[in-house]
Amino acid sequence: MYPENPHLRFLLFLAVAAIAAGGAAAGTTLTASLSGHQIKIRWSGLPAPDGLDYVAIYSPPSSRDRDFLGYLFLNGSASWRGGSGELSLPRLPTLRAPYQFRLFRWPANEYSYHHIDHDRNPLPHGKHRVAVSGEVSVGDPARPEQVHLAFADGIDEMRVLFVCGDRGKRVVRYGLQKEDEKEWKEVGTDVSTYEQKHMCDWPANSSVAWRDPGFVFDGLMKGLEPGRRYFYKVGSDTGGWSEIYSFISRDSEANETNAFLFGDMGTYVPYNTYIRTQAESLSTVKWILRDIEALGDKPAFISHIGDISYARGYSWVWDHFFSQIEPIAANTPYHVCIGNHEYDWPSQPWKPWWATYGKDGGGECGIPYSVKFRMPGNSILPTGNGGPDTRNLYYSFDSGVVHFVYMSTETNFVQGSDQYNFLKVDLEKVNRSRTPFVVFQGHRPMYTSSDETRDAALKQQMLQHLEPLLVTYNVTLALWGHVHRYERFCPMKNFQCVNTSSSFQYSGAPVHLVIGMGGQDWQPIWQPRPDHPDVPIFPQPERSMYRGGEFGYTRLVATREKLTLTYVGNHDGQVHDMVEIFSGLVSSNSSVAEPVDGTKHGTGDSTVRKISPLYLEIGGSVLFALLLGFSFGFLIRRKKEAAQWTPVKNEES
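You'll find the protein chain entered in an unreviewed UniProt entry as Purple acid phosphatase, with Miscanthus lutarioriparius given as the organism. Per UniProt, the protein chain has the following entry under Subcellular location (unreviewed entry): "Secreted". Entered under Subunit (unreviewed entry) in the UniProt record, the comment concerning the protein chain runs "Homodimer."

So, in structure tokens, the structure goes:
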């Protein structure tokens, strides 16, 4: 029964209203604290708990209730029904402000599909707050975080980028002896950032998604000796230093190349949030780290061809991404090219009728990508809203015996464009005696057997404008992302295979591979057979040599004679597909590879021609038979009981 006293009714009304407005419920406590590499969240005294009650995560603590980073349901704790419990979070990245946690009720009758996440699940509305934790500081904003390397324009250079919470002076110190820092060199850094007003649109420019990105520092280590392990650290005496990392410098004379290549990896975020995040990305990083450690002092680099973090405008996801890759990227150069989820927005300047450039960038318009990375070259385009220029669009570099080329499928690539002209001139200039293999990379694929119909017109433009370049200039591999599967095609041009083996000498057309299986878990179906609309079947075209849906990455190993690309699956860390391509070059006595084409070079040196092992065997057998017959006749004529000779050795013995 309701109390008859009107004053009591009014007091009850005020109590309920206070809770609904966000006041803390009496007796309910919420605490959060760092415990090793985890944050422990504990609560008690929650009356009548419900399965939809949740803890929301905030940074900075001044954020409004509805502007949370993410949330965890209390029912993740085994004891939640008793009104108390504990949840654990892995150590979160430093966001240059403390974290705070708030406990909310979420009545079932307010569970609404009008406010949904990326997967169309209802999102909490930030109402009915009942408890608030104290602030939890993770890391020191002044100390460098998110350290990652990249090749620079000079062969004797290495670039390092990192983030701090202020723009005070930071430097890079580096040297060959880890224990002798007094002999290390020191170089300064450039600093840059971007602001909320630079974002193109929602959600990137909203209070929900925007967080201070800090300041990006860019240092260039110079004068590196080739093929040596260098040690380095970044920071300052006043703000603090990073730990000491190391890398192997580039060697222009190296006769081996090692690289790890994939697309569409994304980021794992250990809580529910507005967008889907990619738990499989953790496995990709784990296995690549294993392989890098196994290389020892051999140089390598990493290639991530588009759809980098999948932040989709939610800026703190970039912080998670760089924290996640730091174990590999702080010690191995990490290279990228731009994808639709970094760049695309309707206000971008290039909008041909056939393009499918929508809102995949979440209003970022390529700005975080352009500031947080710095690749070789100087490809720049103005951003559609007047913010910082878009960078890191197309570039190239040599690594050992391979020339690597990166392009942007999101900006103008048709004949006559700046990008097309760059690609043409770059491919024309490749020194095939130094780099007999060429690997070409971009985000959206030229070839795929997935049912990715919305890009059909764009693929036609790529076939028209780019495929002739790949064929004319003898590109070895063409690697693409965007489709979240692995697929290897035969070497082909205009959909026609020129070879169907998995081990062959370069045959006049590139092998196309789709390698977008790095972590994003949305998978398109394969192209169905058109005469099976009711019960679709998905035949594998003859030009598709291997295709699969397992997550993973590819591993490239090349010498002057052979390039091998293997597909490693995340589910077991083992190789599941492989292609071998021979250059047709062999080593001469001077250890310099020459083309096997019967031509003479300007120096007058003749080429070294490969001789088939079968021919060697036949020739050796004939010679042996002749000698044997001659010796036998000699014995008969001389009537000697025995004769001895040194056996003839062929080149295989």
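1. A word on the overall build of the protein chain
Counting secondary structure elements, the protein chain contains 9 helices and 34 strands. Taking all 653 residues of the protein chain together, the buried fraction comes to 53%. Partitioning the contacts of the protein chain with sequence separation of at least 6, the portion at a separation of at least 24 is 70%. Taken as a whole, the protein chain presents about 29200 Å² of accessible surface, with 53% of it coming from carbon and sulfur.

2. A closer look at the sheet that holds strand β1 (residues 29–35)
With respect to topology, 3 strands assemble into an open sheet ordered β1-β2-β5, the strand pairing being antiparallel. Where the open sheet ends on each side, the last strands, each with one partner, are β1 and β5 (85–90). For this sheet the average axis-to-axis angle between neighbouring strands, irrespective of direction, equals 20 degrees. Two strands pair when backbone bridges link them, and strand β2 (residues 38–44) and β5 are joined in this way by 6 bridges, in the antiparallel orientation. Within β5, the residue paired with Trp43 across the bridge is Gly85.

3. Let's talk about the layout of surface pockets
Its boundaries defined by the atoms lining it, the largest pocket holds a volume of some 730 Å³. Surrounding the largest pocket, 25 residues form its lining, Arg91, Leu92, Pro93, Glu145 and Ser323 being those nearest its centre. Across the lining of the largest pocket, the residue classes tally to 11 nonpolar, 8 polar and 6 charged. Shared between two domains, the lining of the largest pocket holds at least three residues of each, these being domain 1 (22–136) and domain 2 (254–582). Taken as a whole, the second largest pocket holds about 540 Å³ of empty space. In the lining of the second largest pocket, the residues fall into 11 nonpolar, 5 polar and 8 charged.

Scoring rules and cut-offs
Residues numbered from 1 in each chain as written. Predicted model: local features only at pLDDT ≥ 70, side-chain atom pairs only at ≥ 80, totals over all residues. Heavy atoms only, no water. UniProt positions renumbered as here; feature names shortened; annotations may be inferred. Helix = DSSP H or I, 4+ residues; strand = E, 2+ residues; numbered from the N terminus. Buried < 20%, exposed > 50% of the residue type's maximum accessible area, 1.4 Å probe, protein only. Contact = heavy atoms within 4.5 Å. Areas by Shrake-Rupley, 256 points an atom, 1.4 Å probe, with all protein chains shown as cover. Pairing = 2+ DSSP bridges. Axes fitted to C-alpha atoms, helices over the stretch in contact; angles between N-to-C directions. 1 Å grid on protein atoms, 1.4 Å probe; cavity = no way out; pocket = protein on both sides within 12 Å on 5 of 7 lines; lining within 4 Å. Points joined across faces, edges and corners; volume = space filled by probe spheres on them. Nonpolar A, V, L, I, M, F, W, Y, C, P; charged D, E, K, R; others polar. Domains from an automatic or database assignment.

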